[in-house]
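Structural overview for review
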Amino acid sequence: MRYTKEHKQQTKQRIIATAGRRLKRDGIDGSGVATLMKDAGLTNGTLYAYFTSKDELVTTAVADQMRAQHENIVAHAAPGRAGLEQIVRWYFSPEQRDSIDDGCPNAALLDEIARSTDPTRQAYTDGALILIDDFAARLAPHDPPSARLKALGLLGMMAGTLQLSRALTDRQLADQLLEQGIRNALVLLDAERHN
């Protein structure tokens, strides 16, 4: 049976989306081809009709997760500092912390991406730079390049805080850490306005 181009594209998108959620839940190394394809309702061999390897699927899924994070969260926030505060408060919510499958790819995969293939690292970098440039434009609308490193530091602080909050077994301490993360981020944002 031959499928239409539209059907093949929909199937490929389903593979990418389900792989992105699985990778965030179980990690890159903890997600085998069989599991990734089963999540999409397909057999192992079907992977090779769409991707040359698991690495290519991982690279594509990372790029898709980074794009989705920007489109679903950052692009819908208010402009300027108010939007950054919205993003920070959403990011450090218990719901975001507890929703690993649908949550931030930075906090879920950063340690593994650092050890991944160059194409996967590049896909991540490209997606991170879109976030960074959006943050920088909100921090310094008249000179975004001047705020790029501060925006990168903000992203790193946010991802690291969320990772740590997810790792703690003490729920009260984990919640307090999220609250402290909001305070730390707001101090960083306010420091930018006063420089």
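Residues numbered from 1 in each chain as written. Predicted model: local features only at pLDDT ≥ 70, side-chain atom pairs only at ≥ 80, totals over all residues. Heavy atoms only, no water.

Here's the deal with the overall build of the protein chain
The test is simple: In this text, helices come from DSSP runs of H or I with a minimum length of four residues, and strands from runs of E with a minimum of two, each type numbered from the N-terminal end. C-alpha atoms define the radius of gyration, and 2.2 Å times the number of residues to the power 0.38 defines the globule rule. Only heavy atoms matter for contacts: two residues are in contact if any of them lie within 4.5 Å across the pair. Residue-level accessible areas treat just the shown protein chains as cover; the underlying method is Shrake-Rupley with a 1.4 Å probe.
Helix and strand counts for the protein chain come out as ten helices and zero strands. Along the chain direction, N to C, the helices and strands of the protein chain fall in the order α-α-α-α-α-α-α-α-α-α. Taken over C-alpha atoms, the radius of gyration comes to 18 Å for the protein chain, in line with the 16 Å a tight globule of 195 residues would show. Expressed along its principal axes, the backbone C-alpha trace of the protein chain runs to roughly 65 × 40 × 25 Å. The contacts in the protein chain between residues at least 6 apart in sequence include a share of 68% that link residues at least 24 apart. Summed over its atoms, the accessible surface of the protein chain is roughly 10,300 Å², and 53% of this surface lies on carbon and sulfur atoms.

Some details on the nonpolar core
To keep things clear, this is the line we draw: Residue types Ala, Val, Leu, Ile, Met, Phe, Trp, Tyr and Cys, when buried and joined through side-chain atoms within 4.5 Å, form a set referred to as a nonpolar core. Each residue gets one of three labels from its accessible area relative to the maximum for its type: buried under 20%, exposed over 50%, partly exposed in between, using a 1.4 Å probe on protein chains only.
Of all hydrophobic cores here, the largest spans 48 residues; its most connected members are Leu57, Tyr91, Phe92, Phe135 and Met158. Broken down by element, the residue count for this core peaks at seven residues, all from helix H8 (residues 118-139). Apart from the residues lying within four places of it in its own chain, the contact partners of Met158 are Ile87, Val88, Tyr91, Phe92 and Phe135.

Here's the deal with the packing of aromatic side chains
Worth spelling out the cut-off: Aromatic rings from Phe, Tyr and Trp, taking only the six-membered ring of Trp, are treated as a pair when their centres fall within 6.5 Å; an angle between ring planes under 30 degrees marks them as stacked, one over 60 as edge-to-face, and anything in between as tilted. Only when the NZ atom of a Lys or the CZ atom of an Arg is both within 6 Å of the ring centre and within 35 degrees of the ring normal do we say a charge sits over the ring.
According to the stated counting rule, one finds two aromatic pairs in the structure shown. Between the aromatic rings of Trp90 and Tyr91, the centroid separation amounts to 6.0 Å while the plane-to-plane angle is 65°, which identifies the pairing as edge-to-face. Aromatic pair Tyr91 and Phe92: ring centres 5.6 Å apart, planes at 85°, arrangement edge-to-face. Phe92 shares its class with Tyr91; the two are buried. Here the aromatic cluster, defined as three or more aromatic residues joined through ring pairs, consists of Trp90, Tyr91 and Phe92. Positioned over the ring face of Tyr50 is Lys8, at 5.9 Å from the centre of the ring.

Some points on helix H1 (residues 5-26)
The cut-off we apply is this: Expected span, for any helix, means 1.5 Å times one less than how many residues it has.
Taking 1.5 Å per residue, 22 residues should reach 32 Å; H1 reaches 31 Å between its end C-alpha atoms and fits that length. Listed as buried for H1 are Thr11, Ile15, Ile16, Thr18, Ala19, Gly20, Arg22, Leu23 and Lys24. For H1, the elements touching its buried residues are helix H2 (33-39), helix H3 (47-50), helix H4 (54-72) and helix H7 (105-113). Where H1 ends, the next residue or the one after it, Gly27, has phi of about 85°, a positive value.

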